[in-house]
Amino acid sequence: MISTLLQAQEKLTYQTPPVEMLKLVDIERAPIVDIDSKGEQMLFYYRNTFKTLNDLSQPELRLAGLRINPETNISSNITYYNNICYKKIMDDKIQQITGLPEEPRIAYVSFSPDESKIAFTHTSNSGVELWIADLKTLQARKLTDALLNANVGFPYRWIPNGNGLLAFMLPENRTELKDQKVTLPEGPVVSVSDGQVSQNRTYQDLLKNPVDEANFEILMTSELYTVNLNGVKTLWKEAGMYIDETYSPDGKYMILTTISKPFSYAVPFYSFPNTTDIYTSDGKFIMNFSRQPLLDKLPVGFMATFEGKRNIRWRADKPATLAWTEALDKGDPTVEAEYRDELFQLNAPFTGEPCSLIKTINRFSGITWGNDNFAVVYDRWWNTRNNKAYLINPSESNLSPKILSDRNYQDLYNDPGIIQTEKNEYGRYVMRIDDSSTVYLFGDGYTAEGQFPFIDALDLKTLKKKRIYQWAGTNQAEELISFIDSKAGTLITRIESPTEFPNYYIRNLRKRIANIPLTSFGNPFKSIEGVHKEVISYEREDGVKLSGTLYLPEGYDMEKKEKLPMIMWAYPAEYKDKNSAGQSNANPNSFTYLSYGNPIYWVTRGYAILDDASFPIVGEGGEQPNDTFTEQLVANAKAAIDAVDALGYIDRKRVAVGGHSYGAFMTANLLTHSDLFAAGIARSGAYNRSLTPFGFQSEERNYWEATDVYDAMSPFMHADKMKTPMLLIHGEADNNSGTHTMQSERYFQALKSFGAPVRLVILPLESHGYVARENVLHLLWEQDQWLEKHVKNRSGK
């Protein structure tokens, strides 16, 4: 029975959705699969389907962009594994790793350098412990008590020889945290502008006062210890605010990055000043290598960066060579420059002049090392959506780079694929090179006709390509994982279908033999195996090609064509050209996976579902996509409804629209600026763009540069026009940049003041995504109630 939806507060306990939906929610998750670099071993990480409200109600401090449990010294929103199992790749049986902690809360798993062991953390009630498991005996054991500091992330690293680990540990004489409620202020909080331009995006959980600063410093401070495989620990480095440490490939050196003051109330911790120093592996200081300033006054623009060394990493194919980039345009994208960045390298002992390897036309974005003769460098420029891949000889810097690709990175249909890597003698990933110059690219294989993943062999000397494999299946989908042996033509792949859960196989490219199954995960959503699924293609009125995945209820009569209510779910994306905007990555043969994030549950309630409907926002040439944002939103929506209506499946007067985050923003705009929908569902969105004045999503301009655009796009500014029933949902503790919970609260108040039919549901303790079972079940119930009343059983209109 549909509840009465009140106009003020409603006292309501947690509810559950209808039984046909509930049995699709309470499922057992398949484990996450981790495969070693040689394709010989598989690990299976199991986890609970949901967290509980109790999990979310643990102590929490929100500091400098982090959310930390101060009692256990680990992220308060981390997801734990509750079991680990093991399988030799060719064995049939999955084996249990024994000796795991009671009531495991496992995280941060990593293979040892020789992949004969794994290390992992277990979070007890008192803190984070370090454990290892032997993959030959399948026996786990604890190395340390609850001493690790995981507040900033991965709290340990394997020593390259595999004889121990370097761990971030709590200082022995740690200062007690200050209590905001009992610590009296010593004065007001004063922030100062020195006249420099400082345009930062809207961040969550920033430092706010001196107590926050003190607690942040306490929680970030660690001592570094080496821990051998018997659990004996030795102090390696005294206390500091360490955030990153990396051994050189040969294990003789380390670069260590440490946060320094002053802190900032305007940006997260990763923009605080830091120093990167070089040490020997036994802890002897060699030199300071770089100093990052406080990054609260960067130039304006998505491609802005700072002057000085950045992207400091060890060269993966050399014993101890540092590589880094520096900006040639002062980090300012508005400066005209032939080259934006320069890549350098410097060999140990780091006393000579650095060698320049390449100057990039766009902003440097990464490198794949190979050997003395080959490396591939990547750059990227957001404003043009361009990226390039350059082939360089890192031993001959005087040779001009060769451009391997120069393309629009949103052009899916012409994506050349990703160069495959393998571990070298140092345990680092480098290009897999056969016959001195052949590398392999795995491509997703999106085309106008469908998705057909491929493998290309590329000769780096001649730059000639040869396609050695392409998927040709019509009822299944494939994802290429990695080679086992490229010369033998064996690789690990994953195959699925709409009713077959993704499972792993060995494929042999040389022999005409059947794929060898490695896993046999079952379908947890068997009750919807009979639903109809297809990808439909259609066009917007301006000719942009669109698509969406259509679901119809099981047993739907395709001849009779009963007129169904429909739910459309989408998320807008910005493009600089219509060709890329019109490309589709939907695959009708992919597995139909349900989660609270999509609307497919309602196919069991008699609805047609158009999921992941294309909502491109295009701005070609000098135009920016958002200049015509609302017009394009409405055009996308109308084209989708017209397309499904033309198929004869729906009653176009009973169509709902919904989305999460930017999809919620889309929903509110569609209900405000069109009469296409009977109702909408907007979850965890931002509705007033003046509250994100220095850019949002893919909008680079600030509010004062594009006031009309910001205001036109903001549903809050047009609250008086919104008259369509809208369900607003938000997590009480949203941690996403720009989507403060206040956004929904203020928008609800504005809509209510104009008499709009709106309901606001705040989910206790939830962040931007929802994880507690109680909240997820209630969310589905709320959405079902709303849809049943305002869409399926809509009356009088």
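Residues numbered from 1 in each chain as written. Predicted model: local features only at pLDDT ≥ 70, side-chain atom pairs only at ≥ 80, totals over all residues. Heavy atoms only, no water.

(A) Up close: the overall build of the chain. If you tally the helices and strands in the chain, you get nine helices and 49 strands. For the chain, the C-alpha radius of gyration of 28 Å lies close to 28 Å, the compact-globule estimate for 797 residues. Among the 797 residues that make up the chain, the fraction classed as buried is 55%. Restricting to contacts in the chain with at least 6 residues of sequence separation, those with at least 24 account for 59%. Surface accessibility of the chain: about 35,100 Å² in total, with carbon and sulfur atoms responsible for 47%. Across the chain, the mean location of the 84 positive side-chain charges is 2 Å away from that of the 100 negative side-chain charges. (Helix = DSSP H or I, 4+ residues; strand = E, 2+ residues; numbered from the N terminus. Rg over C-alpha atoms; globule rule 2.2 N^0.38 Å. Buried < 20%, exposed > 50% of the residue type's maximum accessible area, 1.4 Å probe, protein only. Contact = heavy atoms within 4.5 Å. Areas by Shrake-Rupley, 256 points an atom, 1.4 Å probe, with all protein chains shown as cover. Lys, Arg positive; Asp, Glu negative; His and termini not counted. Charge placed at Lys NZ, Arg CZ, Asp CG, Glu CD.)

(B) Here's a closer look at unusual backbone geometry. With an omega of 10°, the peptide bond between Lys 261 and Pro 262 qualifies as cis. Tracing the chain through its elements places Pro 262 in the loop between strand S17 (253-259) and strand S18 (274-280). Look at the link from Ala 348 to Pro 349: it is a cis peptide, with omega at 15°. On the secondary structure map, Pro 349 appears in the loop between strand S22 (341-347) and strand S23 (355-360). The backbone of Asn 73 sits at a positive phi, close to 60°, despite the residue not being glycine. Tracing the sequence through the fold places Asn 73 in the loop between strand S4 (66-69) and strand S5 (74-75).

(C) Representation of the pattern of salt bridges within the structure. In this structure the tally under the stated criterion is 35 salt bridges. A salt bridge links Arg 340 to Asp 329, with the nearest nitrogen and oxygen atoms 2.8 Å apart. With a gap of eleven residues between them, Arg 340 in the loop between strand S21 (321-327) and S22 and Asp 329 in the loop between S21 and S22 connect regions that are remote in the sequence. The structure contains a network of salt bridges with shared partners spanning Glu 20, Arg 605, Asp 784, Glu 788 and Lys 792. (Salt bridge = Lys/Arg side-chain N within 4 Å of Asp/Glu carboxyl O.)

(D) Main features of the side chain of Glu 129. One can find Glu 129 in strand S10 (residues 128-134). Buried within the structure, Glu 129 lacks any salt-bridge partner; Lys 142 is the closest side chain of opposite charge, at an N-O distance of 4.0 Å. Engagement of the side chain of Glu 129 in a polar contact is seen with the side chain of Trp 131, the distance being 2.9 Å. Setting aside its immediate chain neighbours within four residues, Glu 129 contacts Phe 120, Thr 121, His 122, Ser 124, Lys 142, Thr 144, Asp 145 and Ala 146. (Polar contact = N/O pair within 3.5 Å; in protein donor to acceptor, adjacent residues only side chain to side chain.)

(E) Main features of the sheet that holds strand S37 (residues 490-496). On the basis of which strands lie adjacent, the open sheet formed by four strands has the order S36-S37-S38-S39 and antiparallel pairing. Two strands close off the open sheet at either side, each with one partner strand: strand S36 (477-485) and strand S39 (516-517). As paired elements, S36 and S37 share seven bridges and run antiparallel to each other. Paired with Ser 482 across the bridge in S37 is Ile 492. (Pairing = 2+ DSSP bridges.)

(F) Just a nonpolar patch on the surface, in detail. A grouping of Leu 328, Tyr 339, Ile 361 and Ile 403 is seen on the molecular surface, where their side chains present a nonpolar patch of about 310 Å² in accessible area. Secondary-structure assignment places Leu 328 in the loop between S21 and S22. (Patch = residues over 30% accessible without salt bridge, like charges linked within 9 Å, V, L, I, M, F, W, Y side chains within 5 Å.)

(G) Quick peek at the sheet that holds S5. The three strands are arranged S3-S4-S5 in an open sheet whose pairing can be described as antiparallel. Edge positions in the sheet fall to strand S3 (61-63) and S5, since each has one partner strand and no second. Inspection of the sheet shows S3 paired to S4 by three bridges, in the antiparallel sense. For Leu 61, the partnering residue across the bridge sits in S4 and is Ile 68. The strands that helix H3 (residues 210-220) touches are S3 and S4; relative to S3, the one it contacts most, it runs at about 100°. (Axes fitted to C-alpha atoms, helices over the stretch in contact; angles between N-to-C directions.)

(H) Main features of the packing of aromatic side chains. Here the structure, examined in full by the defined rule, presents 37 aromatic pairs. Taking 4.6 Å as the distance between ring centres and 70° as the angle between the ring planes, the aromatic pair formed by Phe 302 and Trp 382 counts as edge-to-face. Here the residue Phe 302 occupies a position in the loop between strand S19 (285-292) and strand S20 (310-314), and Trp 382 occupies one in the loop between strand S25 (375-381) and strand S26 (386-392), the gap between them amounting to 80 residues. An angle of 90° between the planes, with centres 6.1 Å apart, marks the rings of Phe 501 and Phe 521 as edge-to-face. With Phe 501 in the loop between S37 and strand S38 (503-508) and Phe 521 in the loop between S39 and strand S40 (532-539), the pair connects residues that are 20 residues apart, well separated along the chain. These aromatic residues form a ring-pair network of at least three members: Tyr 571, Phe 629, Tyr 662, Phe 665, Phe 694, Phe 696, Tyr 703, Trp 704 and Tyr 710. (Phe/Tyr/Trp six-rings, centres within 6.5 Å; stacked < 30°, edge-to-face > 60°.)

(I) View of the environment of Ala 316. Inspection of the secondary structure assignment puts Ala 316 in the loop between S20 and S21. Accessibility expressed as a relative area gives 10% for Ala 316, which makes it buried. Apart from the residues within four sequence positions on either side, Ala 316 is in contact with Pro 249, Trp 369, Asn 424, Tyr 426, Arg 428, Tyr 429 and Val 430.

(J) The pairing of strand S49 (residues 758-763), seen in detail. Sheet analysis places strand S48 (residues 726-731) next to S49, joined by six bridges and oriented parallel. Within the sheet, the bridge partner assigned to Met 726 lies in S49 and is Val 758. Remark: the S48/helix H8 (residues 741-753)/S49 crossover connection has right-handed handedness. (Right-handed = clockwise from strand over helix to strand, strands pointing away.)

(K) How the structure looks around the nonpolar core. Met 568, Leu 610 and Phe 677 are the most contacted members of the largest nonpolar core, which has 58 residues in total. Element by element, the count of residues in this core is highest for helix H5 (residues 629-646), at eight residues. Look past the residues within four positions of Phe 677 in its chain and what remains in contact with it is Met 568, Ala 637, Ile 641, Val 655, Ala 656, Val 657, Leu 670, Leu 671 and Thr 724. (Core = buried A, V, L, I, M, F, W, Y, C linked by side-chain atoms within 4.5 Å.)

(L) Examining helix H9 (residues 773-792) more closely. Taking 1.5 Å of rise per residue, 20 residues should cover 28 Å, and H9 covers 26 Å from first to last C-alpha, within 8% of that figure. Of all 20 residues making up H9, 16 are buried, and the element is well covered by its neighbours. (Expected span 1.5 Å × (residues − 1).)

(M) Seen up close, H5. For H5, which comprises 18 residues, the first-to-last C-alpha distance of 26 Å matches the rise-based estimate of 26 Å (1.5 Å per residue) to within 8%. Trailing H5 by a residue or two, Gly 648 shows a phi angle of about 85°, which is positive.

(N) Up close: the environment of Leu 343. For Leu 343, the position within the fold is in strand S22. The sequence separation of Leu 343 and Ile 481 amounts to 138 residues, and the corresponding C-alpha distance is 30 Å. Apart from residues no more than four positions distant in its own chain, Leu 343 is found in contact with Ala 323, Trp 324, Thr 325, Cys 355, Ser 356, Leu 357, Ile 358, Phe 364, Ile 367 and Val 377.

(O) Just the side chain of Arg 67, in detail. With respect to the helices and strands, Arg 67 occurs in strand S4. Within the structure, the side chain of Arg 67 is placed 2.6 Å from the backbone oxygen of Ala 733, a separation counted as a polar contact. The residues contacting Arg 67, other than those within four sequence positions of it, are Glu 60, Leu 61, Arg 62, Ser 75, Ser 76, Asn 77, Asp 205, Ala 733, Asp 734, Asn 735 and Ser 767.

(P) Geometry of the pairing of strand S8 (residues 106-111). Across the six residues that make up S8, a large majority, six, are buried. As judged from the four bridges shared by S8 and strand S9 (residues 117-123), these two strands associate in the antiparallel manner. Looking across to S9, one finds that Phe 111 is bridged to Ile 118. Hairpin connection, S8 to S9: the antiparallel pair is bridged by five residues, and Glu 115 has positive phi, about 60°.

(Q) Region of interest: the packing of H5 against helix H6 (residues 662-673). The N-to-C vectors of H5 and H6 enclose an angle of 85°; their axes lie 10 Å apart at closest approach. Classed by the angle they form, the pair H5 and H6 counts as roughly perpendicular. Two secondary-structure elements touch here, H5 through Phe 629, Thr 630, Leu 633, Val 634 and Ala 637 and H6 through Tyr 662, Phe 665, Met 666, Asn 669, Leu 670 and His 673. For the contact of H5 with H6, the residue count by class is eight nonpolar, three polar and no charged. (Parallel < 35°, antiparallel > 145°, perpendicular 65-115°, else oblique. Nonpolar A, V, L, I, M, F, W, Y, C, P; charged D, E, K, R; others polar.)

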